[in-house]
Amino acid sequence: MADEQNRPSHHTLSNPDNLALFKRCVSYFLPYKAHIVVATVFMVLGGLCDAGIAWLVKPALDDIFINKQTTALLLIPVAYLVVTTLKAGAKLLQNYLMQLAGMRVLEVLRDEMYNKIIMMPIRFYEGAQVGMLMSRITNDVTSIRNSLPALVMLVRQIISLVSLACVVFYQNWKLAFWAVIVLPLAFFPFIYFGRRMRKLSRKGNVMVADITSLLQEVLSGIRVVKAFSAEQKERARFDRENRRLLRLSMKSILAGEFSSSVMEIVGALGVGIVIWIGGMQVIDGESTPGTFFSFVTALVLMYDPVKKLSNSNLNIQAALAGAERVFGILDDENLGVEKGGDRPMEASFRELRFERVRFAYPDGTLALDDVSFTIRAGERLAIVGPSGAGKTTFVNLIPRFYDPQAGTISINGHGLEEYDLKSLRGLISMVSQDNFLFNLSVAENITYGLSDVDESRIVEAAKAAYAHGFIAVMPEGYGAIVGERGVKLSGGQKQRLTIARALVKDAPLLILDEATSALDSESERVVQKALENLMKDRTSIVIAHRLSTVIGADRILVMDSGKIVAQGRHEELLDASPLYARLYEMQFSVEASAGKGEGA
Ligand code: ADP
């Protein structure tokens, strides 16, 4: 990741691809062209003011200090004040308008990226990709905002430079000639050290990222580190990285210091030459002190635009590198929008059928192999199997989080792909073990994804989910914000909120992933009762971890290595399926003998 971000860029506008990329960036600024035109006008004005200030030095010296004219004594300070005010005002307005346009572009691009990303099929949100997508939205988009302003700044520096150069040559072309020879000499170390610093800082960023991930790894695995008494080893590892970073930082600091020292010496050389020749001209009466100092002022003022010129170039390069990545996502046809059919779902659910379904994950893991089964309205189906058997994958195919590579899945006789996605997913309630709650109020979490839900229905659902009790005692009740910004809920309470969410949704087909994480037996019993309420009058498919669930099921599917290896009722399977018998021994009988007897 860090590597990719810090890859040296070869983005110059002379490359036709980059020019196209840049034009694309600029197209985002088009709606704000009035802002940009006005900003540019102010910018030209600001650039001319630079030259004006340098030019004013001549009458200041010659008329006031040497010829002692009193009118000039009044006029020139006022003129100086006016020009400087003009320059400051122009700069302020220019920057404000530019930033405003930039921020608007940023807003639009962020929205576009977010819209693209949130519409993608689930398989794109796996693992490492999520970090990449986040960095696209938060970092890369920002660099595009700087694209056009960086170019405009470039133009501004050039205007300043050219107008200052005019003053320089106008005041003293002979001396200007010498300055022109010395200046490139000063540029040389500037360019050399600049390049070196950039390389070092790129390496530095990678190293900082490495150290951060090392830190993260060790801190999140601290229990393992301590359990294995590996503190000394981890200290050595960190120490090594730390020292490498130190060496690199020192190199970069040294390069910076060297560059400024060399610049100073070269500068002094230039100034020495200029004073020598200029002084000679003044002494010979060929030139006046005013002309000389006006010349020097213009020369000194040129330093700033020269420095910024190289920054503009860097900014444009960074903008293009970011733009490439952002548009890479926006244009990627493979990162498509999830597509469904046009068939609306019938209000009533009759039957769900898997026929010879085969599914492998993008990395090649075969998770479902030749799976066939049918569930009819009102049935209660339990799925059991060892971890990795394919149970989660199996249920994730029903709302089309993934599509099978072979075989068909159909509801009420029509393939899932025929149905409109929204209405297909409206048919299904999924309650899974991760109990995801948003940083919203309790009521908003319960009605998530639905609009205009009566308060009475929310309360009713919360009551059936055994959640009303703990909600009602919170000071803000249903308005309390859940999670980071608000109340922390226990595992059982979170589960009951997600059950209330499913109750409000009131979908006919229920997919339930029973928690493996142990709740204390009291909350476990309450959650169980809430689930019973949820399953009442619904067709349900339950990934079962509780004895009561398998015993109460109309049918149990036993899965192993992506296949359904047996199905039937509890008693039948105990005899017919050795795997089931073994699972029962390991998972369920403990519960039975522990005597909790969850309503069995
Ligand atoms: P279960 O729910 O029965 O534990 P899963 O459906 O989660 O099983 O997993 C079935 C198989 O698919 C396992 O071999 C698992 O490693 C693999 N698998 C699950 N999710 C992914 C994924 N996102 N990418 C690749 N392989 C996966």
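Residues numbered from 1 in each chain as written. Predicted model: local features only at pLDDT ≥ 70, side-chain atom pairs only at ≥ 80, totals over all residues. Heavy atoms only, no water.

1. A closer look at the sheet that holds strand 4 (residues 406-411)
Our working definition: Strands are treated as partners if at least two bridges between them are detected by DSSP. Under the scheme used here, helices are H or I runs from DSSP no shorter than 4 residues and strands are E runs no shorter than 2 residues, and both carry numbers assigned from the N terminus.
Spatially, 2-1-4-5 is the arrangement adopted by the 4 strands of the open sheet, whose pairing is antiparallel. Pairing within the sheet leaves two strands with one partner each, and these edge strands are strand 2 (366-376) and strand 5 (414-415). The sheet contact formed by strand 1 (residues 351-360) and strand 2 spans 7 bridges and is antiparallel. When the bridges of strand 2 are listed, phenylalanine 359 appears paired with leucine 368.

2. Thoughts on the nonpolar core
Stated formally: Within this scheme, the nonpolar core is defined by two criteria: the residues are buried Ala, Val, Leu, Ile, Met, Phe, Trp, Tyr or Cys, and they are joined through side-chain atoms within 4.5 Å. Each residue gets one of three labels from its accessible area relative to the maximum for its type: buried under 20%, exposed over 50%, partly exposed in between, using a 1.4 Å probe on protein chains only. Only heavy atoms enter the contact rule, under which two residues are in contact if any of them lie within 4.5 Å.
Formed by 35 residues in total, the largest nonpolar core has its most connected members in Leu109, Met113, Ile144, Val326, Phe327 and Leu330. Of the residues forming this core, the biggest block, 8 residues, is contributed by helix 4 (residues 70-118). Those residues within four positions of leucine 109 in sequence are excluded, and the remaining contacts are Tyr28, Val141, Ile144, Val326, Phe327 and Leu330. One finds Val431, Ala461, Ile499 and Leu519 within the second-largest nonpolar core, a separate group that totals 34 residues.

3. Regarding the domain arrangement of the protein chain
Selection criterion: Reported domain spans reflect what an automatic or database domain assignment gives.
One can read the domain layout of the protein chain as domain 1 (16-330), domain 2 (351-427 + 507-599) and domain 3 (435-500). Placing the centre of domain 1 and that of domain 3 at their C-alpha centroids yields a distance of 51 Å.

4. Remarks on the pattern of salt bridges
Here is the rule: We define a salt bridge as a contact between a side-chain nitrogen of Lys or Arg and a carboxyl oxygen of Asp or Glu at a distance within 4 Å.
Counted by the stated rule, this structure contains 25 salt bridges. Note that arginine 237 and glutamate 217 form a salt bridge whose closest N and O atoms lie 3.1 Å from each other. Residue arginine 237 is located in helix 9 (residues 231-283), and its partner glutamate 217 is located in helix 7 (residues 173-220); the two are separated by 20 residues in the primary sequence. For the salt bridge of glutamate 351 with arginine 376, the shortest nitrogen-to-oxygen distance reads 3.7 Å.

5. Quick look at the state of the cysteines
Test applied: A pair of sulfur atoms, both from cysteines and within 2.5 Å, is called a disulfide here.
A complete count under the given rule lists 0 disulfides for this structure. The thiol of cysteine 49 is unpaired, and the distance to the nearest cysteine sulfur, on cysteine 166, comes to 15 Å. Judged by its relative accessible area of 6%, cysteine 49 falls in the buried class. You can call cysteine 166 partly exposed: its relative accessible area is 48%.

6. Points about the site of the ligand
We apply this condition: We call a residue near a given molecule or strand whenever any one of its heavy atoms falls within 4 Å of it. Whenever a nitrogen or oxygen atom comes within 3.5 Å of another N or O atom, the pair is scored as a polar contact, on the condition that within protein one atom can donate a hydrogen and the other can accept it, and that pairs from neighbouring residues in sequence are kept only if both atoms are in side chains. Surface accessibility follows the Shrake-Rupley procedure with a 1.4 Å probe radius. Residue values consider only the protein chains on display as shielding. Classes in brief: Ala, Val, Leu, Ile, Met, Phe, Trp, Tyr, Cys and Pro nonpolar; Asp, Glu, Lys and Arg charged; the others, Gly included, polar.
Around the ligand, the structure places 13 residues, and the nearest of them are Glu126, Gly388, Lys391, Thr392 and Thr393. Between the ligand and alanine 389, the relevant distance is 3.1 Å, taken from an oxygen atom to a main-chain nitrogen or oxygen of the residue. Taking threonine 393, its side chain carries an N or O atom lying 2.4 Å from an oxygen atom of the ligand. Compared with its free state, where it exposes 550 Å², the ligand has 68% of that area covered by protein. For the shell around the ligand, the class distribution of residues is 4 nonpolar, 6 polar and 3 charged.

7. A word on unusual backbone geometry
With a phi close to 55 degrees, aspartate 506 is a non-glycine residue in the positive phi region. Its place among the elements puts aspartate 506 in the loop between helix 17 (491-505) and strand 7 (509-513). The phi angle at aspartate 537 is positive, at roughly 60 degrees, despite the residue not being glycine. Within the fold, aspartate 537 resides in the loop between helix 18 (521-535) and strand 8 (539-543).

8. Some words on a positive patch on the surface
The following threshold applies: Here a patch means residues that are over 30% exposed by relative accessible area and free of salt bridges, tied together within 9 Å if like-charged and within 5 Å if nonpolar (Val, Leu, Ile, Met, Phe, Trp, Tyr). Positive charges are assigned to Lys and Arg, negative charges to Asp and Glu, while His and the chain termini are left out of the count. For this purpose, a charge sits on NZ of Lys, CZ of Arg, CG of Asp or CD of Glu.
Residues Arg196, Lys199, Lys203, Arg247 and Lys251 make up a contiguous surface patch of positive charge. Only helix 7 and helix 9 provide two or more residues apiece to the positive patch. Of the residues forming the positive patch, the biggest block, 3 residues, is contributed by helix 7. Note that arginine 247 resides in helix 9.

9. As for the environment of glycine 388
Here glycine 388 shows up in the loop between strand 3 (380-384) and helix 12 (391-396). Looking at glycine 388, the relative accessible area reads 72%, which means it is exposed. The spatial distance from the C-alpha of glycine 388 to the C-alpha of glycine 562 is 8.2 Å, given a sequence separation of 174 residues.

10. Regarding the packing of aromatic side chains
Applied cut-off: Each pair of aromatic rings taken from Phe, Tyr and Trp, with Trp reduced to its six-membered ring, is defined by centres within 6.5 Å and is described as stacked if the planes are under 30 degrees apart, edge-to-face if over 60, and tilted in the remaining cases.
Summed over all chains, the structure comprises 10 aromatic pairs. Look at phenylalanine 354 and phenylalanine 394: their rings are 4.7 Å apart centre to centre, the planes differ by 25 degrees, and that puts the pair in the stacked class. You can see phenylalanine 354 sitting in strand 1 and its partner phenylalanine 394 sitting in helix 12, a full 40 residues away along the chain. Under the relative-accessibility criterion, phenylalanine 354 is labelled buried at 1%. Under the relative-accessibility criterion, phenylalanine 394 is labelled buried at 0%. Taking 5.0 Å as the distance between ring centres and 45 degrees as the angle between the ring planes, the aromatic pair formed by phenylalanine 373 and phenylalanine 394 counts as tilted. Residue phenylalanine 373 is found in strand 2, and its partner phenylalanine 394 is found in helix 12; the two are separated by 21 residues along the sequence.

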